Amino acid sequence: MRGHASAGTRIRERRIAKGLRQATLAAEIGISASYLNLIEHNRRRIGGKLLQALAQRLEVESSLLSEGAEQAVVARLSSVAERFGEEGGAADATEFATRFPAWANLVIRAARRVDDLERSVETLTDRLTHDPHLAATLHEVLSTVTSIRATASILQDTKEIEPEWRDRFHRNINEDAARLTDGAEALVGFLDGVDDAQSEVSSPQEEFTNFLSAYGWHFPAIEAQRSGAADSYLKGAPQLSSSSAQAIAERYLACYEDDARKMPLVQFQQAMQVQGGDPLKLAQEFSVDTAGVLRRIATLPDSTAGLIVCDASGTLVLRKPVEGFPVPRFGASCPLWPLFQALSRPMTTLSAQLNLPTRSGVGDSHFHTYATAQPVLSLGYGREPLLEATMLILPQDGPDTSEPAFPVGPSCRVCPRDACAARREPSIMTSGF
Amino acid sequence: MSKTVLLIEDEPNIIEAISFLLSRDGWSVHTHSNGLTALDAVAERQPDLIVLDVMLPGRSGYEILKDIRRARDTEQTPVLMLTARGQMKDRELALEAGANTFMTKPFANAEMLDAVRALAGA
């Protein structure tokens, strides 16, 4: 790890500057004081979630701890410049950071704020466009308004109307007014939650994803094959408020349990080192299917890999997010993902390097993906089995020039690739709101 | 003999209002509320005109309209589509499916009568 020799020193300096005791900080991030001591004296490497947790508690960018302030600031400034289409390069960024350190930090904070706001806009746009509950509520409100308007006009415009019709229309308006009130309240409830784009949960799938996220997608008690481990996670899980979400989570944990039994954690981690993370070799070594290996890689402790699973209709049923590879919460995603191509080539493992546009549309993020589709349910004699596709997403630091890379996107609506032949609808990122 | 209109819509109060409106305008109005069996109602009634909602239980109005256009008996029957959405793509979808005209809810009664009369005279 670059700069690991002094990362511990920076952590120590930052902790002391914050007036925190070593034991207090260690307890807060869930490690022992002696282990933190080893880290602070650069006798243990640090990265991943532990580094993130320390950085969060010490209120500092994790890169400032791992790489040092100067390098991190210059790298971040260069990235901001590239993102906004400014030419300059590292020399300019270095000079700027050296001469105006406070302004350099301000630029970085502003760029980060832009990132956060764009992410919120993207999430909210996605919800407003595809949220099934919002669509149903709006439909209900518009239908009710239509009924009230048509009925009120009849009462107003019809000079001679039979008493029974008049009474019926009065009753209808009264009923519709009550429905309209309910619809308006539902809309207000929805819009009240809009300002908290990340926390609003509107489907069992989202509850399920939040449940997995709360555990970092890793379940140590199941790994240890403790009896009743899955139930202990499910019982009273605050994220699983609906019975549908509980059923989805129960199925998932049964699958996780099966994977953990066939590919025990320690052996699998050792095999990962030996096989270089090659899913096909790992599948052969453990005599399991490739999809199971992809799931296992994505759910290792502190794994940075993303995972997406879809059913035969292309509906996404599992989303483990990965930075830079946005997956829509509602609606359809990019049809060019190998995940969907795998559905047409069952039992074949596809390996592909993908380029995704960055949030600003300037430059690409790079990922390596493995995707496979396999039968999950037999539908009877003479019928094709039901397929499920799984895609593992591995972030890359940069492009791998030794193999081709395919441009894909997140979803047409938020994808800036104008000229894409697979585009279904115009993008709000290019046509504006 | 008055011309017949088949109103395929699932909101009972809208059905009552439109039925009243068209009846007063001289139409013989039949109604149907289920998307899944809407084609049976079309085949049975053979209406002179169809008012078809997009959002129906069981099946969308677009799908029903495509089948109406495929059937020889109804391929020329004028169809007015109603939807609670007003986006351009919904209008395009309705016209692509074979609608003669398209109205967005909520609509004015006079607007509805004008559209129906125009289709009947077409």
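Residues numbered from 1 in each chain as written. Chains lettered and ligands numbered in written order. Predicted model: local features only at pLDDT ≥ 70, side-chain atom pairs only at ≥ 80, totals over all residues.

**Quick word on the overall build of chain A**
- When helices and strands are counted, chain A shows 19 helices and 6 strands.
- Residue burial in chain A is summarised as follows: out of 433 residues, 29% are buried.
- A sequence separation of at least 24 residues applies to 59% of the contacts in chain A between residues at least 6 apart. (Helix = DSSP H or I, 4+ residues; strand = E, 2+ residues; numbered from the N terminus. Buried ≥ 20, exposed ≤ 12 C-beta atoms within 10 Å, placed from the backbone. Contact = placed C-beta atoms within 7 Å.)

**Regarding the overall build of chain B**
- Per the secondary structure count, chain B includes 5 helices and 5 strands.
- Element order for chain B, N to C, with α for helix and β for strand: β-α-β-α-β-α-β-α-β-α.
- Within the span of chain B, comprising 122 residues, buried residues form 39% of the whole.
- Across chain B, the fraction of contacts at a sequence separation of at least 24, relative to all contacts at a separation of at least 6, is 58%.

**As for the interface of chain B and chain A**
- The interface is formed by 15 residues belonging to chain B together with 17 residues belonging to chain A.
- The greatest single-element share of the side of chain B that touches chain A, amounting to 7 residues, is contributed by helix H1 (residues 12-24) of chain B.
- Classifying every residue of the side of chain B that touches chain A by side-chain character gives 10 nonpolar, 2 polar and 3 charged. (Nonpolar A, V, L, I, M, F, W, Y, C, P; charged D, E, K, R; others polar.)

**Considerations on the sheet that holds strand E3 (residues 350-357) of chain A**
All names here are of chain A.
- Spatially, 6 strands are ordered E2-E1-E5-E4-E3-E6 in an open sheet, and the strand pairing comes out mixed. Of all strands in the sheet, those bounded by a partner on one side alone are strand E2 (316-320) and strand E6 (405-407). Strand after strand, the sheet turns through a mean of 25° between neighbouring axes, direction not considered.
- As defined by bridge partners, E3 adjoins strand E4 (residues 364-377) across 8 bridges and the pair is classed as antiparallel. (Pairing = 2+ DSSP bridges. Axes fitted to C-alpha atoms, helices over the stretch in contact; angles between N-to-C directions.)

**A word on the environment of Pro101(A)**
Residues and elements named next belong to chain A.
- Of note, Pro101 is situated in helix H8 (residues 101-130).
- Among the residues examined, Pro101 registers 13 C-beta atoms within 10 Å and is labelled partly exposed.
- Through-space distance from the C-alpha of Pro101 to that of Glu70 is 9.2 Å; in sequence the pair is 31 residues apart.

**Details of the pairing of E3(A)**
- As paired elements, E3(A) and E6(A) share 3 bridges and run parallel to each other. Bridge pairing links Asn355(A) to Pro407(A) in E6(A).

**Considerations on the nonpolar core**
- With 48 residues, the main nonpolar core has Leu294(A), Leu307(A), Ile308(A), Leu339(A), Ala389(A), Met391(A) and Leu392(A) as its most contacted residues.
- In terms of residue count, the dominant contributor to this core is helix H14 (residues 243-262) of chain A (6 residues).
- Contacts of Ile308(A), omitting those with residues within four sequence positions, involve Leu316(A), Leu318(A), Arg319(A), Val327(A), Leu339(A) and Met391(A).
- Ranked by size, the runner-up nonpolar core spans 38 residues in total, among them Ile154(A), Ala17(B), Ala38(B) and Val51(B). (Core = buried A, V, L, I, M, F, W, Y, C linked by C-beta atoms within 7 Å.)

**Digging into the packing of helix H11 (residues 204-214) of chain A against H14(A)**
Residue and element names in this part refer to chain A.
- Relative to each other, H11 and H14 sit at 50°, their axes nearing to 8 Å. As the angle between them shows, H11 and H14 are arranged oblique. When you trace H11 past H14, the crossing you get is right-handed. Taking contact as the criterion, the partners of Pro204, Gln205, Glu207, Phe208 and Phe211 in H11 are, on H14, Ser244, Ala245, Ile248 and Ala249.
- Residue composition of the contact of H11 with H14, grouped by class: 6 nonpolar, 2 polar and 1 charged. (Parallel < 35°, antiparallel > 145°, perpendicular 65-115°, else oblique. Left-handed = near helix turned anticlockwise from the far one by under 90°.)

**Structural notes on unusual backbone geometry**
- For the bond running from Lys105(B) to Pro106(B), omega is -5°, close enough to zero to count as cis.
- Not every positive phi belongs to a glycine, and Trp217(A) is a case in point at roughly 65°.
- Tracing the chain through its elements places Trp217(A) in the loop between H11 and helix H12 (220-223).
- Judged by the 21 C-beta atoms lying within 10 Å of it, Trp217(A) is buried.

**Points about the confidence of the model for chain A**
- Per-residue confidence for chain A gives a mean pLDDT of 85, with 91% of residues at or over 70.
- Low pLDDT, under 50, characterises residues 1-5 of chain A; the stretch is placed with 8 contacts to residues that sit more than four places away or in other chains. (pLDDT = per-residue confidence, 0-100.)

**Section: the sheet that holds strand E2 (residues 28-32) of chain B**
All names here are of chain B.
- Sheet architecture is open: 5 strands sit in the order E2-E1-E3-E4-E5, paired in parallel fashion. Each of the sheet's edge strands pairs with one partner strand only, and the pair in question is E2 and strand E5 (101-104). Mean inter-strand twist for the sheet, computed between neighbouring axes without regard to direction, equals 20°.
- Pairing between strand E3 (residues 49-53) and strand E4 (residues 79-83): 4 bridges, direction parallel. The residue bridging Asp53 from the neighbouring strand is Leu82, located in E4.
- Of the strands in this sheet, strand E1 (4-8), E2 and E3 are in contact with helix H2 (residues 38-45), which crosses E1 at around 175°.
- Sheet strands in contact with helix H5 (residues 109-121) are E1, E3, E4 and E5, and its direction is about 170° off that of E5.

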